[in-house]
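# Understanding the architecture of this molecule
These are the residues of each chain, in order.
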Amino acid sequence: MATLKDVARLAGVSVKTVSNVVNGYSFVKPDNRRRVEEALEATGYRPNLGARNLRRGRTGFIALVLPELSIPYFAELAGLVIAAAQEHEWNVLIEQTFGTLTGERQALASLGPHLVDAAILSPEALHVEDFQLSVPAVMLGEHAVDVPISRVGIDNVAAATTAVRHLVSLGRKRIAAIGAHPHRGTAALRLEGYRAALAEAGLPFDSELVVPALNYHRADGAAAMKALLDLRNPPDAVFCFNDLLAVGAMRTAAERFVRVPHDLAVVGFDNNDESAYSSPSLTTIAPDKAAIARAAVDLLHQRAGAPDVALDDVQTPFSLLVRESTVSR
């Protein structure tokens with residue numbers, strides 16, 4: 001492998017000048033910078049990131065702790081976090097917990113300054129006493145308990161209210177919800193937004209129209225929709241707490257010859273890639289996932305430089321994307 005000395009010899013400059021170019025310092029003369037860059041290209045030199053990070057007192061890694069990569073929202077978010085981390089010369093180690101208390105505790109126990117510089121967490125089952133971290137951390141979304149960690153995410157209550165208001169604006173009266181969950185903070189907030197929109201419209205809350213989902217997979221949405229369609233007075237609309245639940249619900253509707261959106265309007269949440277290509281395409285709440293990833297990584301970068309400084313939470317935008325599952329084209 002080429003060394004700094006090899007590059008310096010070919011460029012006809014000092015090793016210090018090569019080091020300044022490699023590390024991005026701006027006070028190198030333009031002609032010297034050009035010669036060094038040409039020599040770097042010719043020799044194929046690659047910096048030793050491990051040695052550089054050791055000198056800087058950092059590992060060069062951050063952890064991303066997620067419930068389940070098979071859920072598109074988390075897979076897409078992971079890719080965006082990796083891209084944002086690269087801007088700070090960080091690599092990303094991904095831990096998948098499946099949203100279980102054991103999995104999340106094991107993931108947190110493995111995080112230490114010998115392994116990572118900081119961590120981005122998306123917990124579902126942790127208790128307050130579990131948040132004993134030895135590295136700076138940022139939480140994605142809301143959690144069922146209040147913990148002293150900066151959070152990044154959308155306003156889930158407002159987003160859910162927006163989704164249900166859309167259904168109300170279409171004249172729907174029997175609006176169901178799929179995705180209630182006793183331990184997910186986001187589920188509780190989306191249910192709160194659902195109830196707020198019903199109250200705002202003067203529609204009664206009917207507990208039989210709220211169906212829980214242990215997991216947020218297509219099969220869970222399909223099963224929940226079967227239960228709703230079996231009611232004596234089934235719904236004419238449904239708000240699903242993620243897109244996979246909505247896709248499963250629409251599958252059941254099709255099997256029962258319930259027309260979407262004519263007989264049943266459906267709204268999802270997350271705007272994963274599948275939502276734009278389902279048939280019918282899915283109306284959904286679209287969080288700005290790129291903004292969430294950037295904000296989380298930027299917060300970590302600030303915390304890594306000043307770990308004792310308290311940082312505010314960051315609220316990122318969302319939008320409602322209206323598609324064929326609620327409005328006929």
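Residues numbered from 1 in each chain as written. Predicted model: local features only at pLDDT ≥ 70, side-chain atom pairs only at ≥ 80, totals over all residues. Heavy atoms only, no water.

### Examining the overall build of the chain
For clarity, the threshold we go by: Helix and strand assignments follow DSSP, with helices taken as H or I runs no shorter than four residues and strands as E runs no shorter than two, numbered in order from the N terminus. Buried residues are those whose accessible area, probed at 1.4 Å on protein chains only, stays under 20% of the maximum for their type, while exposed residues exceed 50% and partly exposed ones sit between those limits. Any two residues whose heavy atoms approach within 4.5 Å at even a single point are treated as in contact. Method for areas: the Shrake-Rupley scheme with a 1.4 Å probe, in which residue coverage is limited to the protein chains shown. Only four residue types enter the charge count: Lys and Arg as positive, Asp and Glu as negative, with His and the chain ends excluded. The atom standing in for a charge is NZ when the residue is Lys, CZ when it is Arg, CG when it is Asp and CD when it is Glu.
Of the regular secondary structure elements, the chain holds 12 helices and 12 strands. Overall, the C-alpha framework of the chain stretches about 85 × 45 × 30 Å when taken along its three principal axes. Out of the 329 residues belonging to the chain, those deemed buried represent 50%. Once local pairs closer than 6 in sequence are excluded, the contacts in the chain between residues at least 24 apart make up 68%. Roughly 15800 Å² of accessible area belongs to the chain as shown, and the carbon and sulfur atoms make up 53% of that amount. Across the chain, the 32 positively charged side chains and the 37 negatively charged ones have centroids separated by 5 Å.

### Here we look at the pattern of salt bridges
Test applied: One speaks of a salt bridge when a side-chain nitrogen belonging to Lys or Arg is within 4 Å of a carboxyl oxygen belonging to Asp or Glu.
Overall, the coordinates contain 14 salt bridges when judged by the stated rule. Note that D263 and R259 form a salt bridge whose closest N and O atoms lie 3.0 Å from each other. Taking relative accessible area as the criterion, D263 reaches 31% and is therefore assigned partly exposed. Linked by salt bridges that have partners in common, D31, R34, R35 and E38 make up one network.

### Some details on the domain arrangement of the chain
What counts here: Residue ranges assigned to the domains are those given by an automatic or database domain assignment.
Considered domain by domain, the chain is made up of domain 1 (4–47), domain 2 (56–153 + 289–316) and domain 3 (156–287). Computed over C-alpha atoms, the centres of domain 1 and domain 3 are 58 Å apart.

### As for the environment of A249
With respect to the helices and strands, the residue A249 is situated in helix α10 (residues 243–255). Separated by 23 residues in the primary sequence, A249 and K226 have C-alpha atoms spaced 7.9 Å apart. If near-sequence neighbours (up to four positions away) are discounted, A249 is found in contact with I178, G221, A222, M225 and C240.

### Brief notes about a nonpolar patch on the surface
Under the convention used in this document: Patch rule: a residue counts if its relative accessible area is over 30% and it has no salt bridge; like charges are joined within 9 Å, and nonpolar side chains (Val, Leu, Ile, Met, Phe, Trp, Tyr) within 5 Å.
Where nonpolar side chains cluster on the molecular surface, the patch consists of L69, I82 and I94 and spans about 200 Å² of accessible area. Along the polypeptide, I94 turns up in strand β2 (residues 91–96). Its relative accessible area of 36% is what places I94 among the partly exposed residues.

### Some remarks on empty space enclosed by the protein
Threshold: Using a grid of 1 Å spacing that covers the protein atoms alone, one calls a set of points a cavity when a 1.4 Å probe fits there but cannot get out, and a pocket when the set is open and has protein on both sides within 12 Å along at least five of seven lines; lining residues are those with an atom within 4 Å of a point. Grid points are joined across faces, edges and corners, and a volume is the space filled by probe spheres set on the points. Residue classes follow a fixed rule: Ala, Val, Leu, Ile, Met, Phe, Trp, Tyr, Cys and Pro count as nonpolar, while Asp, Glu, Lys and Arg count as charged, and any other residue, Gly among them, counts as polar.
Enumeration according to the criterion identifies 1 cavity of 30 Å³ or more in this entry. Within this model, the largest cavity holds a volume of roughly 390 Å³. Lining of the largest cavity is provided by 26 residues; of these, Y73, F74, S122, T186 and R190 occupy positions nearest its centre. Within the residue set of the lining of the largest cavity, elements represented by two or more residues are α5 (72–86), β5 (150–153) and α8 (185–201). When grouped by side-chain class, the residues that make up the lining of the largest cavity number 14 nonpolar, 7 polar and 5 charged.

### Looking at helix α2 (residues 15–22)
Think of an α-helix as turning once every 3.6 residues; residues three or four places apart then point the same way. Keep this limit in mind: Relevant arc is that of directions from the helix axis to the C-beta atoms, nothing else.
The set of residues buried in α2 consists of T17, V18, N20 and V21. Down the axis of α2, the buried set is contained in an arc of 160°. They therefore lie on one face. The secondary structure elements touched by the buried residues of α2 are α1 (4–11) and α3 (30–43). A positive backbone phi angle near 80° is found at G24, which sits one or two residues after α2.

### Quick notes on the pairing of strand β6 (residues 175–180)
Regular strands place side chains that alternate from one sheet face to the opposite one. Which entries qualify depends on this criterion: DSSP-based pairing: two strands are paired if at least 2 bridges between them are found. Clockwise travel from the first strand over the helix to the second, with the strands pointing away from the viewer, marks a crossover as right-handed.
Within β6, 6 of the 6 residues are buried, which leaves it mostly tucked inside the rest of the structure. As paired elements, β6 and strand β8 (residues 237–240) share 4 bridges and run parallel to each other. Opposite A177, over in β8, you have F239 as the bridge partner. Looking at chain direction, β6 and strand β7 (residues 210–212) are connected through 3 bridges and run parallel. Each residue of the ladder has a partner; that of A180, found in β7, is P212. Taken together, β6, α8 and β7 constitute a β-α-β crossover, and its handedness is right-handed.

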